[in-house]
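Summary of structural features
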Amino acid sequence: MALIQLFTQYNRVWIPDAENVWKSAEIVRDFHHGDHILHLLLENGTELKYPIDTSPPELPPLRNPDILVGENDLTALSYLHEPAVLHNLKVRFLESRIIYTYCGIILVALNPYKQLHIYGDAIIQAYSGQNMGDMDPHIFAVAEEAYKQMARDHKNQSIIISGESGAGKTVSARYAMRYFAVVSKSGSKTQIEDKVLASNPITEAIGNAKTIRNDNSSRFGKFTEISFDNRYRIIGANMRTYLLEKSRVVFQAESERNYHIFYQMCACAHLPEFKELRLMSADEFHYTSLGGDIIIDGVNDRKGMEETQQTFSLLGLKEDFQSDVFKVLAAILHLGNVEIKSSGDDRSSISYSDPHLHIFCELLGVRADDLVRWLCNRRLVLVSETVVKPLHKDRAVNSRDALAKRIYAYMFDCVINRINKALQVPGKQHAFVGVLDIYGFETFDINSFEQFCINYANEKLQQQFNLHVFKLEQEEYMKEDIPWTLIDFYDNQPVIDLIEAKMGILDLLDEECLFPQGTDQSWLQKLYNYLDSNPLFERPKLSNETFVIQHFADKVEYQCKGFLEKNRDALYEELVEVLRVSQFAFLAKFFQEEGKEGLNIKGIKVKAARPGVKSANKQLRTSVGDKFCSSLSLLMETLNATTPHYVRCIKPNDEKLPFEYDSGRVVQQLRACGVLETIRISAQSYPSRWTYFEFYSRYSILMTNEEAGISDKTEMCKYVLQRFIQDPNQYKFGRTKIFLRAGQVAYLEKLRLDRLRGACITIQKYIRGWFCRRNFLHLRKATILIQQYIRGKRTVRKAVSAVNLKQGWSAVVIQRYWRGFRIQKVYQTKMTGLQSEVDALLIKKENMERIFENNSRDQKEKFDQIKMKLLEEKETQARLRKIAENNLETQRQDHEKEVGSLKDEIRKLKDERVSLQMKMEDGDQMTTDLQDQVAQLTKHVKVIPDLRRDLSNLQNQKNNVDRRMRQQSQEARAKLHDISRLLAGSVVEEDVLLGLTADYSEKTYEAEDLLAAFDGLEKATRTLENHRKEQKESYETQIEGLRLKVDYLQNENSSLQTLFTEKNNINENIRQEVFRLSSENSVLPQLKVQISELHRQKNDLKILVEKQKKELEEKADEIKNTLQRRIEEESSKCRHFEEQAEGLEETKKDLQGRIKDLQEENDHVSRQLQMEREAKNRLRLEATQLSSKNLDFEELLDQKERIIKQLQNQLINLETAQQAQKNSSPTPKHYLGMLECKKEDESRLIQNLIIDLKPKGVAVNMLPVLPAYILFMCIRHSDYLNDEDKLQSFMNATIVAVKKVTVAHQNDLASLVFWLSNMYQLLNCLKQYSGEEEFRKQSTPRQINNCLQNFDLSDHQQVVSDLAICIYHQFIAAMERALTPAIVPGMLEHESLHGISSLKPRGFIKRSSNNNQDTETYTISFIIQRLSHFHTNMMQHGTEPHLIKQVVKQLLFHIGATTLNNLLLRKDMCSCSKGMQIRCNISYLEEWLQEKDLQNCHLIDTLKPLSEAAWLLQVSKSTDDDAKVITEKCTELNTVQIVKILNSYTPFDGFEKRVASSFVRKVQSLRQDHDGSPQLMMDAYYRFPVTFPFCPSSQALELLQVPASLNLEFLTMI
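Keep in mind that what you see is a predicted model, and the values were worked out from it rather than measured. Going along each chain's sequence as written, the residues are numbered from 1 onward. Local features in this predicted model are restricted to residues of pLDDT 70 or higher, and side-chain atom pairs are both shown and tallied only at a pLDDT of 80 or more, whereas totals for entire chains, interfaces and linings draw on every residue. Just so you know, side-chain values use all the structure's heavy atoms and leave hydrogens and water out.

**As for the overall build of the protein**
Selection rule: Every helix listed is a DSSP run of H or I at least four residues long, and every strand listed is a run of E at least two residues long, numbered separately from the N terminus. Contact criterion: two residues are considered in contact whenever any of their non-hydrogen atoms come within 4.5 Å of each other. Here the open area of atoms and residues is found with the Shrake-Rupley method and a 1.4 Å probe, where only the protein chains shown may cover a residue.
Along the backbone of the protein there are 47 helices and 27 strands. Taking contacts inside the protein between residues at least 6 apart in sequence as the whole, the part at least 24 apart equals 75%. Only carbon and sulfur atoms are counted for the fraction: they give 51% of the accessible area of the protein, which is about 82,700 Å².

As structure tokens, then:
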């Protein structure tokens, strides 16, 4: 469609305006080819006739539809021109409060002059890993794109940040470097990321100053290379600086300041470390008071100095270096206060008593007389002599200022070099990202050498930018197979040649500097002579001291004054010599002669940040312009070898007012920074580019039925486009996209809006017609009804007369009397017959009543007899029960006495065993004494045969003692076993008797009492068995001790025998000693006597036990016979009850039959005797009484049946118990629920049970938390053995192994949830079996008996709890990592509601970022599947329900927070249709919670902020009432988030309205009293506190079996 055809009525255009640059107007009449005037209506209601040049017609630019206004990318606009760009930026900046906007590959950043909550770590995390076009424009998005392309393409990147002073370049560069530091944390101890960020405060202190336009203006260019290793972590940085403004050291314009560092030092002059510098207030120093304004509002210079010192320390620059730097800076301030006086005759002088002169010389270690001499004089070397020439005061002041500038420049370079050294760490650089913070194009009222160099650098950068944009555009066309047509774009190479070519401006400037007598005027004259013919160079007509250059941005007029001096930057060699011999080494090193340093260039990596400093006699060879050209060439070489990313900073106003927009200043900067050139290049080709799917989703409404039937969407889109746009030059079809000329999208949007408007009109037509028809039908129905009544009334009036009424009334009277007569006759006849029937029925009824009363009386008598019999039986049973209770009590008392006597006898046995043990110890002591005596004898005796015989006898005696002791221990064990059996029998007897004497009403529990008695028998048996084992172990221990002692004696005897064989001399004295030894050995017979006595006592005890055993067996037989007799009696009673029940059942049936007959007869009577209601009521009453009595009989029968069934169950249980008693083994094996693990098997247990265990196998084949039970059973055994070392070692090994497994499998969900469940169960076991009262309440008696006995494991409980918490957080993090990639696509981007599309035109950034995107498509179904997978894993591995709830709550919070954060950062998602999609997705999550039975846990409340945001997108946002509703409803969102959503709200089509700024302010005012976080973003990785409440286990440890698949056969069940 031709552009002229779009100038129709109601369309809007932009026309020039002197105040706002452009203003909007609406077309009143259609414009046709040949018209001279365009009729417009301005926004203020004024009509305007806008003249149009007809050949060719230069029409004003069209305005974009409102749907496209406020786009994230300017290239998404249908009409691409200057007013559209200016208006889009204004809407975003003022209405939406958004400062960032894309313009193709450029990020346009407007300075808000206000702190915004969009730079926190949460924002960084939100942008990390995202495509550049997926989120709202941001400096973090540019940094992320650079970082991603560096990692993906393995190519160095650069971020070029430019703009005017005060536009925010430094802040943008700082945020970009902060982003890299956060997302690429190395984790090393060097803290290189913090050092990179710490370099900014230092460079800002020594390189930034307050200017008229900016309070923190960078007065130098900076290119920072941030180095990354092969894992793309920061390993270092390098900084290059360009064109430091040295003149600011000695001169500042009005309302400007010197560099910040001077004012920071003066503010801290009172501090001890600055005392020796003798500083004063900043307004007392000449160099810091020239601007007149020494204070910046809102800036604390003292805190600035503290930050500077801290960053010096963080970078490793020691206090000595800091002190040297501060000395140099203080010396510069004092040098500025050195007063130079005029002495006449072009002479100058300095007083030697000047205090500032002495302070300067003292600080820098130079001689005052030499300094004074060469500040006021100059040495001229002639051919035959050397002459000292005095200097005029002005020349002397210039010399002083030149010295100050040179010292500051050297100090600046030194600090930068030291920072670079501090930022270098060992490691090989793999790639780097360069951040260029450089001055933008500048034009002032007076432009000098600095502005010339700045604009020259911007010309080079603009050329590189134009080529890069041109290249990207060409690649896009080639990728889509669209023919490439050459685009005419501005090439600024002629301007660059004008500046840097041979005989160019810089070349002529360097040439003029070579002449000692060269002046600015002579240089300017050369420019006029050589460059006057260049069209880009102009000579002003009214000035001979300026020249004009046509730059790419604008014409700039330069003042030639000062060009030569600034280019030379000369300092007299005499002053250099004075400083070179300084006693201050730090300063002397600056001025020492250095050879020309070659630039170390390797590829594109440039190490040197600035050319080397040359001595004074060589300075004339290298000018400032030449050095600047060299460094700029190196910079361009570096940038050309990288992938550039552009950030253009814009000042919205010169007054630094927050969110104020000056269209004139903004458009001036847009022209200067290349944004409009990018727009112009895009507009010349096909700026609007849609994928076929996007085009189909947006414009499918324009398709016909035939086109909609085409299956291929690509062909469908082509047909639609060809039908609406006839000119094929207005569009091109690529491989994946449709390319459209400027204005075509606006035309399609107009067609779409017309179609929607037509559809709305049609819908309205039918709805209004339906309403009208419904109202019409109601009126018609009411009208017909009224007509019916009126017509009836009229008919009646016509038909009725007096004669007709009289005749009709007479006929009615006759009919009445005749009918009455007939009825009376019939009634009399029937009444006579009925009366006779009633009399017969009454007689029959009386007969039946008598029969019924007789039967009832008989049944009542029978029932009373049965009742009396039952009561007598009950009394008999009560008497028997009392007799049995008395007998049982007597027997129980007898048994207690017998048990007491047995206990006394056992106690006596224990005492005897203790006395025997003491005697054995005495024997051992005697034996020891004998051994000592034998040892004495061995010194003298060699061979004593008699002694051998005695010793052999002693050995035999010991053997006999040992054998007898074993026999006695065996007999004791047998007797103890018999006693335990007797005790068990007594328990059975007591319980059985108790069960037999129970009340008749409790007979249903008799069998259970018997089972309880058998259980008690087993418990008693186990108790006695344990006691026997303990005694056995103690006896065996004693016997083993005796054996060891005997073995020891045998060893000693063998050694004695050896010694005896070696001895040959026999002494009489030794024989005497042997006789004495024999007499002392007489003690052994006494021991034998004692042992025999013990043996006799044991025999007596055995006899006693046998006797009691027989008595107990006899009593058991009696109990058994009694029990059998009782069972037989109960059986006979049961049979008797069964017979009675059968008789009652027959009686019941007879009564039921009779009752049925009576009911039938009553029904028959009631039907025939309707007039006799009283008789019928009496019969019903009697029938009811009979029914109640019958029900009583039925209840009695039911009760008897229940008693019979109970007795039958008791018989069955008794038979089962007797059979089990017969079949059971005499000594059942009982486990204590412990596992024995030997010390050497501990590592095998840990390896097999923890490290090598596969969770999937356990989940399928075993108890989920079986490892926890196994570990605890091993812990119980260590506690049982009272082995603290083993327990400590086992617990430590378990904790270490579980940590190792979870760390190694931190992404394995199954492994993490498996060990989370097991550690939780182990923690519960430690609590449940700890013996503490609070944990014993829900335990069984057996579990209480199995509690830990020896150790308090509360410390280990804390360790296990900490480990479980750690695993929980690892599990949550693993699930979040698996779920995060799907949250935003599934919850926010996926359109779960079909037919409600929110796709809109997209810009270049979105298109380019999607070209390389080949990722999985995520939906809400995928998210729900992942949640179900997580839930299934937890259920399979036995995770406790409350722990599952905590996990689901954490995941839902992460989903909601991540979705909301992305929604807040994506303006294109803030629409009504997207709110509907989000609420639909939330409903799917609610359904999933209901499916998993988690809907009652309030877990969905974690999604409330997201739900409120979706509601906010859908609700009306126009009136004050709407504002109040929003304030009341949005309780989870804070004010910042609500305002952000309202400002970002984007209408989806022309039927919606934008949110007015007044409405946003109204909401803000209403929410002033609401407390809330000022943060924009939610912390998506916030962790709710996890709790592990105590959950007791009902699992019996003694019943657990260790599967063979675990390979734990070395464990022993205890």
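**Describing the sheet that holds strand β2 (residues 21-27)**
Spelled out, the test is: A pair of strands is considered paired only if DSSP assigns at least 2 bridges between the two. To get an axis, a line is fitted to the C-alpha atoms, and for a helix only the part in contact is used. The angle between two axes follows their N-to-C directions and goes from 0 to 180 degrees.
Taken in spatial order, the 4 strands line up as β1-β2-β3-β4 in an open sheet, and their pairing is antiparallel. Edge strands, defined here as strands with exactly one partner in the open sheet, are β1 (12-17) and β4 (47-51). Between one strand axis and the next, the sheet turns through 50° on average, direction left out of account. The pairing of strand β3 (residues 37-42) with β4 spans 5 bridges and is antiparallel. Residue pairing for β4: His39 is matched across the bridge by Lys49. Strands β1 and β2 of the sheet are contacted by helix α1 (residues 82-95), whose axis makes an angle of about 100° with β2.

**Things to note about the side chain of Asn337**
With respect to the element layout, Asn337 can be found in the loop between α8 (319-336) and β12 (340-344). With residues near it in sequence (within four places) discarded, Asn337 still touches Met280, Glu284, Phe285, His286, Asp354 and His356.

**Quick look at the pattern of salt bridges**
The line we're drawing: Within this document, salt bridges are pairs made up of a side-chain nitrogen of Lys or Arg and a carboxyl oxygen of Asp or Glu, the two lying within 4 Å of each other. Working definition: with a 1.4 Å probe on protein chains only, accessible area under 20% of the residue-type maximum means buried, over 50% means exposed, and in between means partly exposed.
This model, assessed by the stated rule, comprises 38 salt bridges. We note a salt bridge from Arg248 to Glu245, for which the minimum N-O separation is 3.2 Å. Assigned by exposure class, Arg248 and Glu245 land together as buried. Among the ionic pairs, Glu538 bridges to Lys555, the shortest N-O distance being 2.8 Å. Within this pair, whereas Glu538 is found in strand β17 (residues 537-538), its partner Lys555 is found in strand β19 (residues 555-559), the two being separated by 17 residues in sequence.

**Looking at a nonpolar patch on the surface**
The cut-off we apply is this: Patch members must show over 30% relative accessible area and no salt bridge, and they are joined within 9 Å when carrying like charges or within 5 Å when they are nonpolar side chains of Val, Leu, Ile, Met, Phe, Trp or Tyr.
On the surface, Ile763, Ile767, Trp770 and Phe771 cluster together into a nonpolar patch covering about 420 Å² of accessible area. Here Phe771 shows up in helix α25 (residues 744-799). What makes Phe771 partly exposed here is its relative accessible area of 38%.

**So, the environment of Leu1608**
With respect to the helices and strands, the residue Leu1608 is situated in the loop between α47 (1557-1566) and β27 (1612-1613). Considered as a pair, Leu1608 and Leu1249 are 359 residues apart in the sequence and their alpha carbons are 8.0 Å apart. Beyond its immediate chain neighbours, meaning those up to four positions away, Leu1608 contacts Leu1245, Asn1248, Leu1249, Ile1270 and Val1602.

**Observations concerning helix α22 (residues 692-699)**
Definition in use: Throughout, the arc means that of the directions going from the helix axis to the C-beta atoms.
When α22 is considered as a whole, its buried residues turn out to be Tyr692, Glu694, Phe695, Arg698 and Tyr699. Here the buried residues of α22 occupy an arc of 160° about the axis, which is enough to place them on one side. Where α22 is buried, its residues touch β23 (688-691), α24 (713-724), β24 (731-733), β25 (737-740) and α25.

**Quick look at the packing of helix α41 (residues 1420-1436) against helix α42 (residues 1441-1464)**
Stated precisely, the cut-off is as follows: When an angle is under 35 degrees it counts as roughly parallel; over 145 it counts as roughly antiparallel; between 65 and 115 it counts as roughly perpendicular; any other value is oblique. By definition, any crossing whose near helix is turned counterclockwise from its far helix by less than a right angle is left-handed, and any crossing with a clockwise turn is right-handed. Amino acids outside the nonpolar list (Ala, Val, Leu, Ile, Met, Phe, Trp, Tyr, Cys, Pro) and the charged list (Asp, Glu, Lys, Arg) are all regarded as polar, and Gly is one of them.
Two elements in contact, α41 and α42, have axes separated by 11 Å at closest approach and are oriented at 160°. Overall, the two elements α41 and α42 adopt an arrangement that is roughly antiparallel. For the element pair α41 and α42, the recorded crossing hand is right-handed. Counted together, Ile1423, Leu1427, Phe1430, His1431, Met1434 and Met1435 of α41 and Ile1444, Val1447, Leu1451 and Ile1455 of α42 form the full contact between these two elements. Of the residues contributing to the contact of α41 with α42, the split by class is 9 nonpolar, 1 polar and no charged.

**Here's the deal with the packing of helix α36 (residues 1309-1328) against helix α39 (residues 1354-1389)**
With their axes 9 Å apart at the nearest point, α36 and α39 run at an angle of 155° to one another. Here α39 runs roughly antiparallel to α36, going by the angle between their axes. As for the relative orientation of α36 and α39, their crossing is left-handed in sense. Here α36 contributes Leu1309, Leu1312, Val1313, Trp1315, Leu1316, Met1319, Leu1322, Leu1323, Leu1326 and Lys1327 to the contact with α39, which in turn contributes His1356, Gln1357, Val1360, Ser1361, Leu1363, Ala1364, Ile1367, Tyr1368, Gln1370, Phe1371, Ala1374 and Met1375. Of the residues assigned to the contact of α36 with α39, the class counts are 17 nonpolar, 4 polar and 1 charged.

**A short note on the packing of aromatic side chains**
Worth spelling out the cut-off: Whether two aromatic rings pair depends on their centres lying within 6.5 Å, for rings of Phe, Tyr and Trp, where Trp uses its six-membered ring; planes under 30 degrees apart make the pair stacked, over 60 edge-to-face, and the rest tilted. The criterion for a charge sitting over a ring is simple: Lys NZ or Arg CZ within 6 Å of the ring centre, and within 35 degrees of the ring normal.
Counting across every chain of the model gives 41 aromatic pairs. A centroid spacing of 6.4 Å and a plane angle of 90° characterise the contact between Phe312 and Phe326, whose relative ring orientation is edge-to-face. Of this pair, Phe312 sits in helix α7 (residues 301-314) while Phe326 sits in helix α8, placing them 14 residues apart in sequence. With a relative accessible area of 2%, Phe312 lands in the buried category. Taken together, Phe449, Phe452, Trp523, Tyr528, Phe537, Phe547, Tyr558 and Phe563 form an aromatic cluster joined through their ring pairs. Here Arg648 stacks its cationic end above the ring of Phe465, 5.3 Å away from the centre of that ring. The cationic tip of Lys713 hangs over the ring face of Tyr696; the distance from NZ or CZ to the ring centre is 5.1 Å.

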